[in-house]
Amino acid sequence: MHILEVQNLCKEFGSAKVLKGIDFNQEEGQVVSIIGSSGSGKTTLLRCITGLETADSGKITVGGHVTFDAAEKKKPSKAERRENQLCTGLVFQSFNLFPQYTVRKNVTLAKELLVREECKAKKRSRQETKAALAEIDESAEKIIASVGLSDKLENYPCELSGGQQQRVAIARALILSPKILCFDEPTSALDPEITGEVLAVIRKLAGEGRTMLIVTHEMGFAREVSNEVIFMHDGVIAERGTPVQVFDDPQNARLREFLSATLRA
Amino acid sequence: MTFTQVTTDLLNGFYENLLIFFVTLLGAIPFGLIITFGSMSRFKPVKWLVKTFIWIIRGTPLMLQLFAVLYVPGLVFGIPMQSRMTAALIAFIINYAAYFSEIFRGGIESIPKGQYEAGQVLGMTKTQVFFKVVLLQVIKRIVPPMGNEIITLVKDTSLARVIAIAELIMAAERYAGRGYIWPLFYTGAFFLIFNGLLSLLFHFIEKKLDYYKG
């Protein structure tokens, strides 16, 4: 069974057709990279999958659970919307950490709110709630250690470098254990010399078999880490295949142009 | 007429200013927040109604609004205002809520969209995003303009004398009527000291929120 199924996804902004019928599937444990020039619709596709944009038509299924269906007229309830939301995680280009919270709190906040609500709904005792929160704290520490920032637990985002902030953002997404972790150009806002530390974390996650969908401009990285590469052009998937197929034997004329332009740069 | 006597008289007057000040603050902050949400409403009629309200309140003198609140209920609706102080408090709260609401709106709209989106993709509800993510950032950004507005409020309270509330300057004017001018200037000291304390408080709050940037 596919972990992600995207069927006939279309999205317009005013008169601009950004997505013109996107279809693709992703297998569990696979890393899929989406490449393409700006304006090709790759970020919009990612935003539709993660629920930040509502597509005009089409259907998205994550792990057998329909998270979006344009044909469904009934609005999802609050709980359903949240459940859909938590199927996917997203790491932004510009990190978007919460500046007023420490690294630890940035990572724990969402999960804490979730668990508190759950405990309240199930009328758990105060001790049980406390234990659950302590558990979150413990798992946060583990995850933060796994992105190499144990020494920054009590620091604020403004005290971290861009690369460190992005690693916190990854930890923040991981703690909610999404079925698919999405990245929207995770290194585009970073200085070239520190993209490496973020890419290393993503590489490690790929090694652990995490399902990831990555919009990126780092061609070398996409080639190395992906099981499959999707090339988007003008709102459609123009070519897809293994990295070897896409990078070494591109069939699509646009893709050839795009690759020679990025290689020249 | 001794200095102590004048001071006591003026202090009695200043009590009215302080009363107006604190009650206005207490009323105008929540009311202002409601106006903010109205002016940011996606439902157009509400938005324009609220925008018109803000235009009228900011576009006419507070002095006129004091008269309006005092007289209009009696003249138009046949229910005269029971007390002048009530009229003053209503006028001040409405007036300051309109100004506060614009500061709040500016603060809320200055928060990057990415903060809301980050909250959303982490599965937070809109309410949680507002209270847990956005609010403190808004507060940090609006402390300086709110400080300005609140200090203006302290001085504006003396406008209440136009509807015969015996506040500080009116108390001093009674002396001026009898040929003693200096108590009038002495009132400045009351405003200065109180606003000095407020400035220290705002400075303290700013420092408190200085632990993070962004």
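So, here's what we can say about the structure. Keep in mind it's a predicted model, so treat the numbers as computed, not measured.

Here's the deal with the overall build of chain B
(1) Moving on: Counting secondary structure elements, chain B contains eight helices and zero strands.
(2) Moving on: Taken from N to C terminus, the helices and strands of chain B fall in the order α-α-α-α-α-α-α-α.
(3) Moving on: Across its three principal axes, chain B shows a C-alpha extent of roughly 70 × 50 × 25 Å.
(4) Moving on: Put simply, 76% of the contacts in chain B that link residues at least 6 apart link residues at least 24 apart.
(5) Moving on: Surface accessibility of chain B: about 11,400 Å² in total, with carbon and sulfur atoms responsible for 70%.
(6) Moving on: Across chain B, the centroid of the 19 positively charged side chains sits 9 Å from that of the 11 negatively charged ones.

Looking at the nonpolar core
(1) Moving on: Residues Leu4(A), Leu9(A) and Leu213(A) are the most contacted members of the largest nonpolar core, which totals 129 residues.
(2) Moving on: If you tally residues by element for this core, the top one is helix 4 (residues 84-109) of chain B, at 12 residues.
(3) Moving on: The contacts of Leu4(A), once residues within four sequence positions are left out, are Phe24(A), Asn25(A), Gln26(A), Ile49(A), Ile60(A), Thr61(A), Val62(A), Ile180(A) and Leu213(A).
(4) Moving on: Formed by 10 residues, the second largest nonpolar core is a distinct cluster that contains Ile35(A), Phe231(A), Leu255(A) and Phe258(A).

Here we look at the environment of Lys42(A)
Residue and element names in this part refer to chain A.
(1) Moving on: Assignment of secondary structure puts lysine 42 in helix 1 (residues 42-49).
(2) Moving on: For the pair formed by lysine 42 and isoleucine 230, sequence separation is 188 residues and the distance between their alpha carbons is 9.5 Å.
(3) Moving on: With residues near it in sequence (within four places) discarded, lysine 42 still touches Ile34, Ile35, Gly36, Ser37, Glu185, Val215, His217 and Met232.
(4) Moving on: Of note is the side chain of lysine 42, whose polar atom sits 3.5 Å from the backbone oxygen of serine 37.

What about the pattern of salt bridges?
(1) Moving on: Scanning all chains against the criterion turns up 19 salt bridges over all chains.
(2) Moving on: Put simply, Asp234(A) and Lys20(A) hold a salt bridge, and the shortest N to O gap is 3.2 Å. Residue Asp234(A) is found in the loop between strand 9 (228-233) and strand 10 (236-241), and its partner Lys20(A) is found in strand 2 (residues 16-26); the two are separated by 214 residues along the sequence.
(3) Moving on: In this structure Lys20(A) comes out as partly exposed when scored by relative accessible area, which is 36%.
(4) Moving on: With its nearest N and O atoms 3.9 Å apart, the salt bridge here joins Arg58(B) to Glu102(B). Taken together, the positions of Arg58(B) in helix 2 (residues 44-59) and Glu102(B) in helix 4 put the pair 44 residues apart, joining distant regions of the chain.
(5) Moving on: A residue is classified by how much of its surface remains accessible, and Arg58(B), at 40% relative accessible area, is partly exposed.
(6) Moving on: Salt bridges sharing common partners tie together Arg47(A), Glu53(A), Lys113(B) and Glu117(B).

Let's talk about the packing of aromatic side chains
Residue and element names in this part refer to chain B.
(1) Moving on: Evaluation of the coordinates by the stated rule reveals 21 aromatic pairs over all chains.
(2) Moving on: With a centroid separation of 5.8 Å and 70 degrees between ring planes, the pair formed by phenylalanine 37 and phenylalanine 130 is classed as edge-to-face. Here the residue phenylalanine 37 occupies a position in helix 1 (residues 3-39), and phenylalanine 130 occupies one in helix 6 (residues 126-156), the gap between them amounting to 93 residues.
(3) Moving on: Look at phenylalanine 37 and you get partly exposed, because its relative accessible area is 43%.

Considerations on the interface of chain B and chain A
(1) Moving on: On the side of chain A, 25 residues touch chain B, which itself brings 21 residues to the contact.
(2) Moving on: Summed over both partners, the interface of chain B with chain A buries about 2,100 Å², with 61% contributed by carbon and sulfur atoms.
(3) Moving on: Connecting chain B to chain A are one salt bridge.
(4) Moving on: Two residues, Glu117(B) and Arg47(A), come together in a salt bridge whose shortest N-O distance is 2.6 Å.
(5) Moving on: Where chain B packs against chain A, one counts 12 residue pairs in polar contact (both at pLDDT 80 or more).
(6) Moving on: Elements with a minimum of two residues in the side of chain B that touches chain A: helix 5 (113-121) and helix 6 of chain B.
(7) Moving on: The element contributing the most residues to the side of chain B that touches chain A is helix 5 of chain B, with eight residues.
(8) Moving on: The class makeup of the residues in the side of chain B that touches chain A is eight nonpolar, nine polar and four charged.

As for the state of the cysteines
Disulfides are covalent bonds that connect the sulfur atoms of two cysteines.
(1) Moving on: Across all of its chains, the model carries zero disulfides over all chains by this definition.
(2) Moving on: Cys87(A) takes part in no disulfide bond, and the closest cysteine sulfur, belonging to Cys182(A), lies 11 Å away.

Some remarks on unusual backbone geometry
All names here are of chain A.
(1) Moving on: In this model, phenylalanine 95 sits at a positive phi of 65 degrees, which is unusual for a non-glycine residue.
(2) Moving on: Relative to the elements of secondary structure, phenylalanine 95 occurs in the loop between strand 6 (88-91) and helix 3 (103-121).
(3) Moving on: Although it is not a glycine, lysine 123 adopts a positive phi angle of roughly 55 degrees.

Reading the values: rules and limits
- Residues numbered from 1 in each chain as written.
- Chains lettered and ligands numbered in written order.
- Predicted model: local features only at pLDDT ≥ 70, side-chain atom pairs only at ≥ 80, totals over all residues.
- Heavy atoms only, no water.
- Helix = DSSP H or I, 4+ residues; strand = E, 2+ residues; numbered from the N terminus.
- Contact = heavy atoms within 4.5 Å.
- Areas by Shrake-Rupley, 256 points an atom, 1.4 Å probe, with all protein chains shown as cover.
- Lys, Arg positive; Asp, Glu negative; His and termini not counted.
- Charge placed at Lys NZ, Arg CZ, Asp CG, Glu CD.
- Core = buried A, V, L, I, M, F, W, Y, C linked by side-chain atoms within 4.5 Å.
- Buried < 20%, exposed > 50% of the residue type's maximum accessible area, 1.4 Å probe, protein only.
- Polar contact = N/O pair within 3.5 Å; in protein donor to acceptor, adjacent residues only side chain to side chain.
- Salt bridge = Lys/Arg side-chain N within 4 Å of Asp/Glu carboxyl O.
- Phe/Tyr/Trp six-rings, centres within 6.5 Å; stacked < 30°, edge-to-face > 60°.
- Buried area = accessible area lost by both parts, 1.4 Å probe.
- Nonpolar A, V, L, I, M, F, W, Y, C, P; charged D, E, K, R; others polar.
- Disulfide = S-S within 2.5 Å.

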